[in-house]
Amino acid sequence: MNKAFTKEPDGDDDDELSLPPLPAGGKNYITPQGYQRLRTELLNLIDIERPKIVEIVHWAASNGDRSENGDYIYGKKRLREIDRRIRFLTKRLDIAEVADPSLHHGHDQVFFGATVTYENLAGVSRTITIKGIDEVDSLQGEVSWVSPIARALLKAREGDEVQLMTPGGLERLEVIKVRYPAPQTSH
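All of these numbers come straight from a predicted model, not from anything done at the bench.

## Considerations on the overall build of the chain
Part 1 of the reasoning: A tally of helices and strands in the chain yields 4 helices and 7 strands.
Part 2 of the reasoning: Helices and strands in the chain line up, N terminus first, as α-β-α-α-β-β-β-β-α-β-β.
Part 3 of the reasoning: Residues counted as buried form 33% of the 187 residues belonging to the chain.
Part 4 of the reasoning: Counted over contacts in the chain with a minimum sequence separation of 6, partners at least 24 positions apart contribute 60%.
Part 5 of the reasoning: Of the roughly 12100 Å² that the chain leaves accessible, carbon and sulfur atoms contribute 52%.

As structure tokens, this is what we get:
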């Protein structure tokens, strides 16, 4: 079949599939730093990346035959990726609810934004930070507030024991320490 007559996906359906699920009626909590990072990425895509690619595509299109023009084909593909990411970020920022974890600084109860050290019955301890769905970095020990471990720990206090259902069965965890970032002082 000729490629010219194949339909490419619009990308609108892809946006919904790539959105991490929120609990029904839930909010899309995010830290102020996470919100700013997503907003900076969105503005960079709109103000810098997209205009650059549009210019390349315009230049490549002016060269004539587009069927085998690598700059044109790659540029159009990259433009679709950028537009898809812009739509995704716009939707996520629109429903974001910024929650500042520093408001809980000094408290020992687990809420959104807490850095929690817990220990299992075998004595193995682990430290995680509970963050928003759109900002977690598992390599940095961050977990989403809707993850099973975060849900088990939420509202617990230092010294409390919580239960976590794992594929291997029920696991008991003891909350050892709860920390929050210190409030930012404005000068």
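## Some points on the environment of S62
Part 1 of the reasoning: For S62, the location among the structural elements is in the loop between helix 2 (32–61) and helix 3 (70–95).
Part 2 of the reasoning: Between the C-alpha atom of S62 and that of Y72, which follows or precedes it by 10 residues, the distance is 9.5 Å.
Part 3 of the reasoning: Looking at S62, its side chain comes within polar contact range of the main-chain oxygen of W59, at 2.5 Å.

## Overview of the pairing of strand 6 (residues 161–166)
Part 1 of the reasoning: Two strands pair when backbone bridges link them, and strand 6 and strand 7 (residues 169–179) are joined in this way by 6 bridges, in the antiparallel orientation. Looking at strand 7, one finds that M165 is bridged to L170.
Part 2 of the reasoning: The antiparallel pairing of strand 6 with strand 7 creates a hairpin that spans 2 residues between the two strands.

## Some thoughts on the nonpolar core
Part 1 of the reasoning: Counting residues in each nonpolar core, the largest one holds 22 residues, and the members touching the most others are V110, V116, I128, I130, I149 and L153.
Part 2 of the reasoning: For this core, the elements supplying multiple residues, two or more each, are strand 3 (115–120), strand 4 (125–131), helix 4 (148–153), strand 6 and strand 7.
Part 3 of the reasoning: Considering every element that reaches this core, the biggest residue donor is helix 4, with 4 residues.
Part 4 of the reasoning: Among the nonpolar cores identified, the runner-up in size contains 16 residues, and L38, I86, L89 and L93 belong to it.

## Focus on the pairing of strand 4
Part 1 of the reasoning: With 5 bridges joining them, strand 3 and strand 4 adopt antiparallel strand pairing. Bridge assignment links V116 to a residue of strand 4, and that residue is I128.
Part 2 of the reasoning: Counting the residues between successive antiparallel strands, the hairpin from strand 3 to strand 4 contains 4 residues, one of them, G123, with a positive phi of roughly 90 degrees.
Part 3 of the reasoning: In this sheet, strand 5 (residues 142–144) lies alongside strand 4 in parallel orientation, the contact comprising 3 bridges. Along strand 5, the bridge assignment pairs K131 with S144.

## Overview of the sheet that holds strand 4
Part 1 of the reasoning: Overall, mixed pairing links the 5 strands, which are arranged 5-4-3-7-6 in an open sheet. This sheet does not close on itself; its edge strands, each paired only once, are strand 5 and strand 6. Mean inter-strand twist for the sheet, computed between neighbouring axes without regard to direction, equals 45 degrees.
Part 2 of the reasoning: Bridge count for strand 3 against strand 7 is 6 bridges, and the pairing is antiparallel. Residue pairing across strands places T117 opposite K177, the latter belonging to strand 7.

## Let's talk about helix 3
Part 1 of the reasoning: For helix 3, which comprises 26 residues, the first-to-last C-alpha distance of 38 Å matches the rise-based estimate of 38 Å (1.5 Å per residue) to within 8%.
Part 2 of the reasoning: Residues of helix 3 that are buried include every one of Y72, G75, L79, I82, I86, F88, L89, R92 and L93, and no others.

So, how was this worked out
- Residues numbered from 1 in each chain as written.
- Predicted model: local features only at pLDDT ≥ 70, side-chain atom pairs only at ≥ 80, totals over all residues.
- Heavy atoms only, no water.
- Helix = DSSP H or I, 4+ residues; strand = E, 2+ residues; numbered from the N terminus.
- Buried < 20%, exposed > 50% of the residue type's maximum accessible area, 1.4 Å probe, protein only.
- Contact = heavy atoms within 4.5 Å.
- Areas by Shrake-Rupley, 256 points an atom, 1.4 Å probe, with all protein chains shown as cover.
- Polar contact = N/O pair within 3.5 Å; in protein donor to acceptor, adjacent residues only side chain to side chain.
- Pairing = 2+ DSSP bridges.
- Core = buried A, V, L, I, M, F, W, Y, C linked by side-chain atoms within 4.5 Å.
- Axes fitted to C-alpha atoms, helices over the stretch in contact; angles between N-to-C directions.
- Expected span 1.5 Å × (residues − 1).

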